[in-house]
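# Working through the structure, step by step
Each chain, written out:
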Number of protein chains: 2
Amino acid sequence: MSVFALEGIPEVAAGADLAGLILAAAEVAAAGVAGGTLLRDGDILAVTSKIVSKAEGRLRAAADREQAITDETVRVVATRAYPGGVTRIVENRQGLVMAAAGVDASNTPEGFVLLLPADPDASARALCAAVRARTGLRLGVIITDTAGRPWREGQTDIAIGAAGVAVLDDLRGTTDAAGKLLNVTAPAVGDEIAGAADLVKGKASGNPVAVIRGLGRLVLPLPAADPVTARSGVVDRGAAILLRPSETDMFRLGSAEAEALGYTRGYAAGLAAGLTAAEADLP
Amino acid sequence: MSVFALEGIPEVAAGADLAGLILAAAEVAAAGVAGGTLLRDGDILAVTSKIVSKAEGRLRAAADREQAITDETVRVVATRAYPGGVTRIVENRQGLVMAAAGVDASNTPEGFVLLLPADPDASARALCAAVRARTGLRLGVIITDTAGRPWREGQTDIAIGAAGVAVLDDLRGTTDAAGKLLNVTAPAVGDEIAGAADLVKGKASGNPVAVIRGLGRLVLPLPAADPVTARSGVVDRGAAILLRPSETDMFRLGSAEAEALGYTRGYAAGLAAGLTAAEADLP
């Protein structure tokens, strides 16, 4: 597997032709490559969500970043006060659990915030269809963003949108090298690819696109991307399958929030029981 | 960045010389490579914890896998019943929060389980020192394991041990391309490297070691690995820095467990208040 950043993507404006910008950068990069084409069949493009958001005009004037976060929030998962504010970890409109709902105020003009793409899988499908149509190559697209996680320090990049590529390498029901059933293993390869891309794109490098080569086994057949028109019969499930529904999530609520909820319920039940018991003791 | 699996690592027995097995496999693989050496300065070896555990004799006869999990548990984080058993997510002796405490019953002989290395950073330091001494190359070592995570489906590989390589690319205090402070960004590059390696090692391929090339910026100077003897002054902090202490973890306890704890406390407080109130009403 090789992973390299695509250099030369310019600043992206609202309405920009992202597929065109990416393919142009690939052509420039390929100028010195034998055959003259940088992209190959089975390549995956990992695209930072920031440029997708910019192309889709998701920059919002926001005097109040906190209000922007509230507007993107579907469900509050946990909050924590820090000197000067409150960190809110929430489930956002895209179904992602993220600090600040994924609302980005870095790398944006003062007084503006950048929202995530409204439907990252749809964004990925459009981009994938465009780069496939223009190159004739079987390409995959993963839209990435950076997220923290419980239990571990630091952040990793994850796949928030995908098209033309399988992001969950479901091995459940298959056997390992020794013939034993691998019954619970389903590597989240989309997130691993997003993380690998982050290692070469880098937070501070300014390269928003990386190419991942050598994982053609995960890239869906042509013409694909669109599950409706795909003649191959392979259903493109996007990155939404990586979202664990809150109902089955053992960490759907922060520990302090869940404990406070339990306390309130327990107090009401205890109070009622205390009053009843006292009454029963009356002569 | 390029990432490739090292083929030809044999089944590992207790007491095996892991550095020798890895370097022998690299030499065989390099037979057709110009210059005759496969590993290069700045390469990172991602090693599946399973073979480290086997070399360290961590295979245990265990009629009762549940007891083995209990023995490795420091703190229960969450439990969930499933048909035929209970999934336990716990903090284990290594400080990792994992299902089944990281006790592995796959790819092991019937009636045996494999425990994680007792001190994965120490294992990484020993392996790193050995491969550095024998090759003279500035190499890094990351020991990987597979883990689930809240909020997202599927598993990713993470860095449970490391030596000679920085696993947290702490950008806090630095600025982005636009000159704005990246004040909270600290990419967990060790976990991203472990995930990238998983994409080529593969759960079912049987290749337990991958080489990551092109991230020399993260590999610490020679002679290093051992923070005490390192003349470079660079402190090798290992993968333990990726462990978030439970005291600062907003998800230190499962939602249901935290709610039950709160309920119990609230009930006791409510009961006392109810009894007191009823008594106060007595004539």
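Residues numbered from 1 in each chain as written. Chains lettered and ligands numbered in written order. Predicted model: local features only at pLDDT ≥ 70, side-chain atom pairs only at ≥ 80, totals over all residues. Heavy atoms only, no water.

An unreviewed UniProt entry annotates chain A as Coenzyme F420-0:L-glutamate ligase of Cryobacterium glucosi.

The next point concerns the overall build of chain A. A tally of helices and strands in chain A yields six helices and 10 strands. The buried share of chain A, reckoned over its 283 residues, is 51%. Here chain A displays about 11900 Å² of accessible surface, and carbon together with sulfur accounts for 56% of that area. (Helix = DSSP H or I, 4+ residues; strand = E, 2+ residues; numbered from the N terminus. Buried < 20%, exposed > 50% of the residue type's maximum accessible area, 1.4 Å probe, protein only. Areas by Shrake-Rupley, 256 points an atom, 1.4 Å probe, with all protein chains shown as cover.)

Turning our attention to the interface of chain B and chain A. With 82 residues of chain B at the interface, the matching set in chain A holds 82 residues. Roughly 7200 Å² of surface becomes buried between chain B and chain A when both sides are summed, with 58% attributable to carbon and sulfur atoms. Interface area lost by chain B to chain A is led by Trp151, Arg152 and Leu199 of chain B, which between them contribute 13%. Connecting chain B to chain A are eight salt bridges. Of the charged contacts, one joins aspartate 191 of chain B and arginine 152 of chain A as a salt bridge, the two residues approaching to 2.9 Å between their closest N and O atoms. The interface formed by chain B and chain A contains 44 residue pairs in polar contact (both at pLDDT 80 or more). When residues of the side of chain B that touches chain A are assigned to their parent elements, the largest contribution, 17 residues, is made by helix α6 (residues 255-281) of chain B. Here the residues of the side of chain B that touches chain A sort into 46 nonpolar, 19 polar and 17 charged. (Contact = heavy atoms within 4.5 Å. Buried area = accessible area lost by both parts, 1.4 Å probe. Salt bridge = Lys/Arg side-chain N within 4 Å of Asp/Glu carboxyl O. Polar contact = N/O pair within 3.5 Å; in protein donor to acceptor, adjacent residues only side chain to side chain. Nonpolar A, V, L, I, M, F, W, Y, C, P; charged D, E, K, R; others polar.)

This part takes up the packing of aromatic side chains. Residue and element names in this part refer to chain B. Enumeration over the complete set of coordinates arrives at four aromatic pairs over all chains. A ring pair is formed by tyrosine 263 and tyrosine 267, whose centres lie 6.3 Å apart and whose planes are at 25°; its orientation type is stacked. Of this pair, tyrosine 263 and tyrosine 267 both sit in helix α6, separated by four residues, roughly a single helical turn. Of the residues examined, tyrosine 263 reaches a relative accessible area of 36% and is grouped as partly exposed. What makes tyrosine 267 partly exposed here is its relative accessible area of 29%. (Phe/Tyr/Trp six-rings, centres within 6.5 Å; stacked < 30°, edge-to-face > 60°.)

Another aspect to go through is the pattern of salt bridges. If you walk through the whole model with that rule in mind, you get 26 salt bridges over all chains. Between glutamate 153 of chain A and arginine 244 of chain B there is a salt bridge, and its shortest N-O distance comes to 3.7 Å. Taken together, the residues span two chains, with glutamate 153 of chain A in strand β9 (residues 152-163) and arginine 244 of chain B in the loop between β10 (209-213) and α6. In this structure glutamate 153 of chain A comes out as partly exposed when scored by relative accessible area, which is 24%.

Glancing now at the nonpolar core. In this structure, Met1 and Ile212 of chain A together with Met1 and Ile212 of chain B are the most contacted members of the largest nonpolar core, which totals 50 residues. Listing elements by their share of this core, those giving two or more residues are β2 (44-48), β9, α5 (189-201) and β10 (209-213) of chain A together with β2 (44-48), β9 (152-163), α5 (189-201) and β10 of chain B. Not counting residues up to four positions away in its chain, the partners in contact with isoleucine 212 of chain A are Met1, Ser2, Val3, Gly42, Asp43, Ile44, Ala46, Ile193 and Ala197 of chain A. (Core = buried A, V, L, I, M, F, W, Y, C linked by side-chain atoms within 4.5 Å.)

Look at helix α6 (residues 255-281) of chain A: 38 Å from first C-alpha to last across 27 residues, which is about the 39 Å you get at 1.5 Å a residue. The complete set of buried residues in α6 of chain A reads Ser255, Ala258, Gly262, Gly266, Gly270, Gly274 and Ala278 of chain A. In this structure, the buried residues of α6 of chain A make contact with α6 of chain B. (Expected span 1.5 Å × (residues − 1).)

Superposing chain B onto chain A takes a rotation of 180° combined with a translation of 0.1 Å along the rotation axis, leaving an RMSD of 0.1 Å. Both copies of the chain, as the preceding transformation shows, are related through a two-fold rotation axis. (Least-squares fit on C-alpha atoms with pLDDT ≥ 70 in both.)

Another point: the environment of tryptophan 151 of chain B. With respect to the element layout, tryptophan 151 of chain B can be found in the loop between β8 (140-149) and β9. Relative accessible area serves as the criterion here: at 10%, tryptophan 151 of chain B is assigned to the buried category. Excluding residues that lie within four positions of it along the chain, tryptophan 151 of chain B makes contacts with Ile89, Val97, Gly148, Arg149, Pro150, Leu242, Leu243, Arg244, Asp249 and Phe251 of chain A together with Phe251 of chain B. Within the structure, the side chain of tryptophan 151 of chain B is placed 3.1 Å from the backbone oxygen of phenylalanine 251 of chain A, a separation counted as a polar contact.

Moving on: the packing of α6 of chain A against α6 of chain B. Close contact between α6 of chain A and α6 of chain B brings their axes to 5 Å; oriented N to C, the two are set at 30°. The orientation of α6 of chain A relative to α6 of chain B falls into the category roughly parallel. The interaxial crossing formed by α6 of chain A with α6 of chain B has right-handed handedness. (Axes fitted to C-alpha atoms, helices over the stretch in contact; angles between N-to-C directions. Parallel < 35°, antiparallel > 145°, perpendicular 65-115°, else oblique. Left-handed = near helix turned anticlockwise from the far one by under 90°.)

What follows covers the pairing of β2 of chain B. All names here are of chain B. Most of β2 is tucked away, with four of its five residues classed as buried. In the sheet, β2 pairs with β8 via five bridges, with the strands oriented parallel. Note that in β8 the partner of isoleucine 44 across the bridge is glycine 140. Direction of pairing for β2 relative to β10: antiparallel, over a ladder of four bridges. Paired with valine 47 across the strands is valine 209, a residue of β10. (Pairing = 2+ DSSP bridges.)

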